[in-house]
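A structural walkthrough
Each chain, letter by letter, is given below.
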Amino acid sequence: MNDITVFQAILGNTEPWTVKAVEVDTAKETIRIEMEVRRDRPWACPACHRAMHVHEWTRRTWRHLDTQQFQTWIEADVPTVRCSEHGAQTVQ
């Protein structure tokens, strides 16, 4: 079993996101999990749920629960949609 498979199992159902890469830095005691999603999939405004195209992608990083004593970070390019009614909204 490789790191990607292990961390996808640990994170559980993250659909439509999947684990793309895992980087373990034993010297710094950190784990970086990179998530990905198909860029051509449909997205919706989180407020009104109307389907729309992505306006832009922004790289974001979140702190996750520690994995043993290692700080765990999740990174992903997150889409933002521009809704005519609600303006720019980061999808969930």
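Cut-offs applied
Residues numbered from 1 in each chain as written. Predicted model: local features only at pLDDT ≥ 70, side-chain atom pairs only at ≥ 80, totals over all residues. Heavy atoms only, no water. Polar contact = N/O pair within 3.5 Å; in protein donor to acceptor, adjacent residues only side chain to side chain. Helix = DSSP H or I, 4+ residues; strand = E, 2+ residues; numbered from the N terminus. Contact = heavy atoms within 4.5 Å. Buried < 20%, exposed > 50% of the residue type's maximum accessible area, 1.4 Å probe, protein only. Pairing = 2+ DSSP bridges. pLDDT = per-residue confidence, 0-100.

Next up on the list: helix H1 (residues 3–11). Because an α-helix completes one turn every 3.6 residues, residues spaced three or four positions apart along the sequence face the same direction. Sitting at the head of H1, Asn2 places a side-chain oxygen 3.1 Å from the backbone nitrogen of Ile4. Once H1 finishes, Gly12 follows within two positions and takes phi at roughly 80°, a positive value.

Along the chain, the position of Thr72 falls in strand S6 (residues 70–83). Reaching out from Thr72, the side chain makes a polar contact with the backbone oxygen of Leu65 at a distance of 3.4 Å. Ignoring sequence-local partners within four residues, the contact set of Thr72 consists of Ile31, Ile33, Trp62, Arg63, His64, Leu65, Asp66 and Thr67.

Examined against the element boundaries, Thr14 turns out to sit in the loop between H1 and strand S1 (18–25). What makes Thr14 buried here is its relative accessible area of 17%. Engagement of the side chain of Thr14 in a polar contact is seen with the side chain of Gln8, the distance being 2.9 Å. A polar side-chain atom of Thr14 sits 2.6 Å from the main-chain carbonyl oxygen of Trp17. With near-sequence residues (within four places) excluded, Thr14 lies in contact with Gln8 and Met35.

What follows concerns the pairing of S1. Here S1 pairs with strand S2 (residues 30–36) via seven bridges, running antiparallel. Bridge assignment links Val24 to a residue of S2, and that residue is Ile31. Counting the residues that bridge the hairpin from S1 to S2 gives four residues, and of these Glu29 lies at a positive phi of roughly 55°.

In this section: the confidence of the model for the protein chain. The predicted model of the protein chain averages 93 in pLDDT, with 99% of residues at 70 or higher. Confidence, expressed as mean pLDDT per element, reaches its minimum in the protein chain at strand S4 (residues 51–52) with 91 and its maximum at S2 with 97.

Here Ile74 shows up in strand S6. Residue classification places Ile74 among the buried residues on the basis of a relative accessible area of 13%. Through-space distance from the C-alpha of Ile74 to that of Ile33 is 4.8 Å; in sequence the pair is 41 residues apart. Excluding residues within four positions of it along the chain, Ile74 makes contact with Leu11, Ile33, Met35, Arg60, Thr61, Trp62 and His64.

Take unusual backbone geometry next. The amide bond that connects Glu15 to the next residue, Pro16, takes the cis arrangement and shows omega of 10°. Note on placement: Pro16 falls in the loop between H1 and S1. Non-glycine residue His49 carries a positive phi angle of around 65°. Within the secondary structure layout, His49 lies in the loop between strand S3 (43–44) and S4. A relative accessible area of 61% means that His49 is categorised as exposed. Even without a glycine there, the phi angle at Gln68 is positive, about 55°. Tracing the chain through its elements places Gln68 in the loop between strand S5 (54–67) and S6.

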